[in-house]
Amino acid sequence: MSAPLRFDGRVVLVTGAGGGLGKAYALAFAERGASVVVNDLGGDFKGHGKSSSAADKVVEEIRAKGGKAVANYDSVEAGDKLVQTALDAFGRIDILINNAGILRDRSFTRISDEDWDIIHKVHLKGSFLVTRAAWNHMKNQNFGRIIMTSSAAGIYGNFGQANYSAAKLGLLGLANTLSVEGRKYNIHCNTIAPTAGSRLTQTVMPQEMLDAFKPDYVAPLVLWLCHESCQENGGLFEVGAGWIGKLRWERSLGAIVRQKNFPMTPEAVQNKWEKICDFNDANKPRTIQESVSILHDVLSQIESQDVSLNPTSYSASASSLGFDPAKAIGQKLPSSAYDYTHLQPILYALGVGMSTKDPDHQKFLFEGSEGFCCLPTFGVIPAQSSMFSGGLSSIPGLNIDFTKVLHGEQYLELYKPLPTSGTLTSETSIADILDKGSGAVILLDVNTYSGKDLVCYNQFSVFVVGAGGFGGRRSSEKAKVTLNPPKRPPDAVLSDVTTVDQAALYRLSGDWNPLHIEPGFAALGGFQKPILHGLCSFGFAARHVLKHFANNDVSKFKAIKVRFAKPVFPGQTLQTEMWKEGKRIHIQTKVKETGEVAIAGAYVDLISSSDQPSANEPSAEAPELLSDLVFEEIGRRIKESGNELVKKVKAVFQWNITKDKMTAVQWTIDLKNGSGALYRGPARGKADTTFTLSDEIFMDLVLGKINPQKAFLSGKLKVKGNIMLSQKLETILKDYAKL
Ligand code: NAI
């Protein structure tokens, strides 16, 4: 065991030590041999009034236990006087705990000048003044330990605490610089953001939390940080309830949005936004030097950009910003998550022409119908979201003019029927880039997952007008190829009239290109009016096959490949000709009014009965609750962990997940028995902690959109049993934002 940490001979000044946290620090330091100045103005928690009794009582208590203490009743705004008390009584000052504090909580616009000023005077200026008064004494003796008291409200923001948050985070800035300036004099300055039951928190914390979060659970961190043997300097710690965590800054790898010899534009920022905000592989700069060092790299990277790739080396459309296929092939786009409810599949079904006129379409249009399901071609929607969120422009070597991009071909393969709601995650990569002379074809492979299950694969072939002629290959083994239909007359023909609003409706599924709605924009692209989305005609064609050859049974659908040959205008009739060749249905979709082929070289593959999962296999039933996916993942993590989680957590958690105020499902996470388990239903023995919350709040919690304490205090999360154990759930719930 390590030797007890003692403070004999040390003089400690604790501001606001008449109650709450300050009192706990003063008692703890005195108990371990320090001489303590107990400062307290003795006013109320809003900063009104003053009295000597608060400080006196603590001094009495220390002395009664045989410790050394004197009182000081000044406000921290008289910094010198506090330090003078230490010098007069004990001849030196070694340790300073800036702790005094008050609250003036108001929603932002109701904060008066006085509310703002007094909070800053007590917290920020008070800490500055007392610290400045102590600084030279510490410097001369080559020893000093200083604590600044910040708050989670400053770090994360908290409703009604704008004045307090600003002052509290100001303290962190002050501490950061003092830690730099004090280092060579052995003066260390650290910051804490405590949580404790005190008169400041009694209006916001329920009694059980006030009782549980004792100031005594914060004091030991303060003592350790102030001990001569502790080398920590410039740290920030959250502390409460017996737990301590350290915080640091994290910075995304970011993106360069400027090109040599070109103006930097807000559009470039917009296009790189996802990359700028992507915390994968983030770094953690610790000093200002580490922070700015990246800027030198950035300058040299921009300087070394190859400007020989100027606009004239490609046609005007492959912009000078650098189209470098070799660099781009194999690159991955940032993964994208697509959250949806039953609304999106229904909107999509309407977008591709389904109608309540056809009783067969009911199961695609009404979430309450028996067998409600997604059209298989809905699988393109989550897959395209990563591209539409600017992902393509984040790829090195793919700086192309996106107004000159045409959707050439599409392949979609389903591995299981698509869930009717949930979150699908898509991983997109540049499979290849082909040189077609007049343009380049970019092949994008997109794998879409529900949890860990691969649900579908898409290949988008994107034609970039004018970007060809770079000396690349014309074809690729990675390309899913089109097939010509048999020469005989078709075995079946189905047609559907699109409405004049078809594109206006289809775009609501996520393809917002104005080409499909804005006449001026369409004219720029050389079209007399807005055109229908290629993927909308694709949806029509696919459902023609599904209806005629699979009786609208989505589980029979395997894959589809199409080439977009000619534009279609909303209002025209789509006529799909179909040829059956075993399980492959060749198709060709014409615009009936003109006879022009809009979709060519296309086919749909259906599943033969031998390909279908047997009745014994688990069905790919869509989860009804979003939280189901998270619990499935928790189950996987528990399995993966062997019995590590059980060793760490040693508790059973029961979850009551509600939907429309009724318990929809119960889950139990047993991390106490055996090597742990997750199962549906209430705990088989006794649960240590039971949580009741809605599916939505559960998702907000695991995705970090709402903090558990807030959810608890606002009654959205109900907790029964041992509330302190909730902390341990972090181990299994962290990183869900990546799901
Ligand atoms: P508290 O109200 O029990 O203690 C604060 C003490 O500071 C009081 O005794 C008060 O008389 C004294 N004080 C106020 N203005 C003063 C001034 N101008 N000069 C000298 N003394 C003055 O509150 P608690 O909770 O112990 O707070 C201590 C510190 O911790 C505060 O800075 C507070 O903002 C901070 N904090 C507390 C949290 C908690 O959960 N209790 C959360 C985050 C931060």
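Anyway, here's the lowdown on the structure attached to this text. Since the model is a prediction, treat every value here as computed from it, not as a measurement. (Residues numbered from 1 in each chain as written. Predicted model: local features only at pLDDT ≥ 70, side-chain atom pairs only at ≥ 80, totals over all residues. Heavy atoms only, no water.)

1. Considering the packing of aromatic side chains
According to the stated counting rule, one finds 13 aromatic pairs in the structure shown. Summarising the aromatic geometry, the rings of Phe631 and Trp655 are spaced 5.9 Å apart at their centres and angled 70° between planes, so their arrangement reads as edge-to-face. Of this pair, Phe631 sits in helix α19 (residues 626–640) while Trp655 sits in strand β19 (residues 651–659), placing them 24 residues apart in sequence. Its relative accessible area of 0% is what places Phe631 among the buried residues. Taken together, the aromatic side chains of Phe631, Phe653, Trp655, Trp667, Phe691 and Phe698 make up a single cluster linked through ring pairs. Between the NZ or CZ atom of Arg10 and the centre of the ring of Phe143, over which it lies, the distance is 3.7 Å. (Phe/Tyr/Trp six-rings, centres within 6.5 Å; stacked < 30°, edge-to-face > 60°. Helix = DSSP H or I, 4+ residues; strand = E, 2+ residues; numbered from the N terminus. Buried < 20%, exposed > 50% of the residue type's maximum accessible area, 1.4 Å probe, protein only. Lys NZ or Arg CZ within 6 Å of the ring centre and 35° of its normal.)

2. Let's talk about the side chain of Asp511
Relative to the helices and strands, Asp511 resides in the loop between α16 (502–506) and α17 (519–524). Arg507 provides the closest opposite charge to the buried, unpaired Asp511, separated from it by 7.2 Å. Side-chain polar atoms of Asp511 contact the backbone nitrogen of Asn513, separated by 3.2 Å. Other than its neighbours up to four places away in sequence, Asp511 contacts Gln384, Phe388, His516 and His533. (Lys, Arg positive; Asp, Glu negative; His and termini not counted. Salt bridge = Lys/Arg side-chain N within 4 Å of Asp/Glu carboxyl O. Polar contact = N/O pair within 3.5 Å; in protein donor to acceptor, adjacent residues only side chain to side chain. Contact = heavy atoms within 4.5 Å.)

3. What about the site of the ligand?
Near the ligand you find 29 residues, and of these Leu21, Asp40, Asn99, Tyr164 and Ser198 are the closest. For the ligand, an oxygen atom lies 2.8 Å from a polar atom in the backbone of Ala196. Across the complex, the protein chains shield 95% of the 820 Å² of accessible surface that the ligand would expose by itself. Where the shell around the ligand is concerned, the elements lending two or more residues are α1 (20–31), α4 (113–141), α6 (162–182) and β6 (187–195). Residue composition of the shell around the ligand, grouped by class: ten nonpolar, 15 polar and four charged. (Near = heavy atom within 4 Å. Areas by Shrake-Rupley, 256 points an atom, 1.4 Å probe, with all protein chains shown as cover. Nonpolar A, V, L, I, M, F, W, Y, C, P; charged D, E, K, R; others polar.)

4. Brief notes about the sheet that holds strand β22 (residues 689–694)
Spatial ordering of the open sheet is given by β21-β20-β19-β22-β23, a layout of five strands whose pairing is mixed. At either end of the open sheet lies a strand with only one pairing partner, and these are β21 (677–680) and β23 (718–721). Here the strands of the sheet are splayed against their neighbours by 15° on average, with no regard to which way each runs. Those strands touched by α19 are β19, β20 (662–671) and β21, and its axis lies near 10° from that of β20. Sheet strands in contact with helix α21 (residues 695–702) are β19 and β22, and its direction is about 110° off that of β22. (Pairing = 2+ DSSP bridges. Axes fitted to C-alpha atoms, helices over the stretch in contact; angles between N-to-C directions.)

Bear in mind that shape data such as this cannot, by itself, settle questions of function.
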